[in-house]
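# Notes for the structure review
Below are the chains, spelled out letter by letter.
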Amino acid sequence: ERREEARELLIVGIALAAGLGCGGRQATFGRGDAKVDLVTPFAHPIFTVMFGIGVGVAATSRSAGVRFAAPAIGFVLAVMLHGIWNLAAIRLASDA
């Protein structure tokens, strides 16, 4: 039992130290909904990656239109995914 608690604390500490998400959900890692607990550390990096993909596409494109639109589209996708994530959190909280 004590070894399991130490393992959970280590995982949470690593996730927080790496900046892999914010909020109180990590504090219940391993004790809440398994799907949420597995996805939570990757949520904010996924949002950042959406914007990064847009910037990467713009950086490698020769088209002026793509260079302008790709980062904007990546940003919009990141914002939409974050909104979906927040909505899911609200719904999960209201179901509890």
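Residues numbered from 1 in each chain as written. Predicted model: local features only at pLDDT ≥ 70, side-chain atom pairs only at ≥ 80, totals over all residues. Heavy atoms only, no water.

## A word on the overall build of the chain
Within the chain one finds four helices and zero strands. When its helices and strands are written in sequence order, the chain yields α-α-α-α. Each of the 96 residues in the chain was classed as buried or not, and the buried ones make up 20%. Taking the intrachain contacts of the chain between residues at least 6 apart in sequence as the baseline, contacts between residues at least 24 apart amount to 34%. (Helix = DSSP H or I, 4+ residues; strand = E, 2+ residues; numbered from the N terminus. Buried < 20%, exposed > 50% of the residue type's maximum accessible area, 1.4 Å probe, protein only. Contact = heavy atoms within 4.5 Å.)

## Some points on the side chain of Ser61
Along the chain, Ser61 falls in the loop between helix H3 (43–60) and helix H4 (64–95). Polar side-chain contacts of Ser61 include one of 3.1 Å to the backbone nitrogen of Ser63. Look past the residues within four positions of Ser61 in its chain and what remains in contact with it is Val66 and Arg67. (Polar contact = N/O pair within 3.5 Å; in protein donor to acceptor, adjacent residues only side chain to side chain.)

## Section: the environment of Ala59
For Ala59, the location among the structural elements is in helix H3. Classification of Ala59 as exposed rests on a relative accessible area of 57%. Distance from Ala59 to Pro71, taken between C-alpha atoms, is 9.5 Å for residues 12 residues apart in sequence.

## Details of H3
Over its 18 residues, H3 runs 26 Å from end to end, which matches the ideal 26 Å to within 8%, given 1.5 Å per residue. Inspection of H3 places Ala43, Phe47, Gly54 and Ala58 among the buried residues, and these make up the whole buried set. When H3 is viewed along its axis, its buried side chains cluster within an angular range of 95° and face the same direction. Opposite the buried face of H3, at more than 90 degrees from it, the exposed residues are Thr48, Ala59 and Thr60. (Expected span 1.5 Å × (residues − 1). Arc of directions from axis to C-beta.)

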